[in-house]
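# Coordinates in review
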Amino acid sequence: MVHERSSQPRLSPSSYEEGIRAVLAPRLAYFEAVARHEHVTRAAHELGVPQSTLSRAMVRLEQDLGVALFARRGRTVSLTPAGRTFLGSAERALAEVERAADSVRADADPTAGKVAFGFLHTMGSETVPALIRAFRADHPRVRFQLVQNYGEAMIERLRAGGLDLCLTSPVPDAPDLVARRLDEQRLRLVVPDDHRLASRRRIRLAEAADEAFVTLEPGYGLRRITDDLCAEAGFTPRVAFEGEEAETLRGLVAAGLGVALLPPPAVARPGVVELTVTAPRAAREIGVAWLDGHPDTPPVAAFKQFLLSRRGHLLPD
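Analysis parameters
- Residues numbered from 1 in each chain as written.
- Predicted model: local features only at pLDDT ≥ 70, side-chain atom pairs only at ≥ 80, totals over all residues.
- Heavy atoms only, no water.
- Helix = DSSP H or I, 4+ residues; strand = E, 2+ residues; numbered from the N terminus.
- Pairing = 2+ DSSP bridges.
- Salt bridge = Lys/Arg side-chain N within 4 Å of Asp/Glu carboxyl O.
- Buried < 20%, exposed > 50% of the residue type's maximum accessible area, 1.4 Å probe, protein only.
- Axes fitted to C-alpha atoms, helices over the stretch in contact; angles between N-to-C directions.
- Contact = heavy atoms within 4.5 Å.
- 1 Å grid on protein atoms, 1.4 Å probe; cavity = no way out; pocket = protein on both sides within 12 Å on 5 of 7 lines; lining within 4 Å.
- Points joined across faces, edges and corners; volume = space filled by probe spheres on them.
- Nonpolar A, V, L, I, M, F, W, Y, C, P; charged D, E, K, R; others polar.

Excluding glycine, residues mostly have negative phi values, and the peptide bonds linking residues are mostly trans. Here Ser169 and Pro170 are connected by a cis peptide whose omega angle stands at -5°. Within the secondary structure layout, Pro170 lies in the loop between strand S5 (165-168) and strand S6 (177-186). The phi dihedral of Glu38 falls on the positive side, at around 55°, and the residue is not glycine. As for its placement among the helices and strands, Glu38 is situated in the loop between helix H2 (28-37) and helix H3 (40-47).

Set out below in structure tokens:
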């Protein structure tokens, strides 16, 4: 069967791909209503538009597609084979738009919306669960999409729109971000329990200048802090192993493969001793960051204010 084709000019080949979405999108709901009612006047009444506007929109749609979608008898219409094919796709597209609208409305709901929240791996076992538990005492239905990653990756995801807020270290300083310092976490020099320094409680970092270090990979905030502290102590660390997760590094230290500067563990790990570093002052700042000028949904605004209210006591004692 050959579809009846309109004699009116269509979109040119060079502009077809760019223009077809703009041409079709505003008219899909019009088309679906006319096809469902098989009557232009009834469809116009449902849509709340003049019958003449709806008729012109359908004629333009056929002209732009270059295919007749309706067989007309006055204001009564019936779908052509091409129209039936197009209707199936139009209904699926409209249903998908409706699902998307329902989803974003649900995410913005003040009582049951969603917060996309990123945080460092070292915050995952204790700090973040405690924060969410405390927040949900007053907001029990708010949902969380949780993302664990290193700082630079979270900032990239924040800029791409995949996160609303992130807990990170060091606290970022960028013109497109807003960042607030929330707390400080002391770092310790972790050594094997049979190490020459294991009997000590405190140490100057310079005393570990000859040791092999296990560190996070370049790009991680804690790696940058480690390098900076060692430089302040007067040496460049001799890196034996690089990893992606602090507890893995602690395991490498327990195996006698080096020493590491790490935040305190959630649970004490056997096989290592954790020494207080007296000089230079070994600590990392923890902060929350978000995109400057980015509008917050009610649940995101509530959680942001909750985090800011925890300034100075974000981390477990």
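A separate point is the pairing of strand S1 (residues 70-73). With four bridges joining them, S1 and strand S2 (residues 76-79) adopt antiparallel strand pairing. Across the sheet, the residue bridging to Ala71 is Ser78, located in S2. Turn length for the S1-S2 hairpin, with the two strands adjacent in sequence and antiparallel, is two residues, and the turn residue Gly74 shows positive phi of about 65°.

Where charged atoms from two side chains of opposite charge come close, those side chains can pair. Counted according to the given criterion, the structure contains 23 salt bridges. A salt bridge links Arg36 to Glu46; its shortest N-O distance comes to 2.8 Å. Residue Arg36 is found in helix H2, and its partner Glu46 is found in helix H3; the two are separated by ten residues along the sequence. For Arg36, a relative accessible area of 45% gives the class partly exposed. Overall, Glu46 belongs to the partly exposed group, its relative accessible area being 40%. The shortest N-O distance in the salt bridge between Arg224 and Glu152 comes to 3.7 Å. Highlighted residues: Arg224 in helix H8 (residues 221-232) and Glu152 in helix H7 (residues 151-159), separated in sequence by 72 residues. What makes Glu152 partly exposed here is its relative accessible area of 39%. Sharing partners across several salt bridges, the network here consists of Arg181, Glu184, Arg281 and Glu285.

Read from one edge to the other, the open sheet built from five strands follows the order S4-S3-S5-S13-S6, with strand pairing classed as mixed. Whereas interior strands pair on both sides, the edge strands pair on one side only; in this sheet they are strand S4 (143-148) and S6. Neighbour-to-neighbour, the strand axes of this sheet turn through a mean angle of 20°, independent of strand direction. In this sheet, S4 lies alongside strand S3 (residues 114-119) in parallel orientation, the contact comprising six bridges. By the bridge assignment, Ala116 is partnered in S4 with Gln145. The sheet contacts of helix H10 (residues 298-309) involve S3, S4, S5, S6 and strand S13 (283-291), and relative to S3 the element is tilted by about 40°.

There is about 420 Å³ of room inside the largest pocket. Around the largest pocket sit 21 residues that line it, and Glu126, Gln185, Pro264, Pro265 and Ala266 are the ones nearest its centre. Of the residues belonging to the lining of the largest pocket, the class tally is nine nonpolar, five polar and seven charged. Around the second largest pocket sit Lys114, Ala116, Gln145, Gly161, Gly162, Asp164, His294, Pro295, Asp296, Thr297 and Val300, which together line it. By residue class, the composition of the lining of the second largest pocket is three nonpolar, five polar and three charged.

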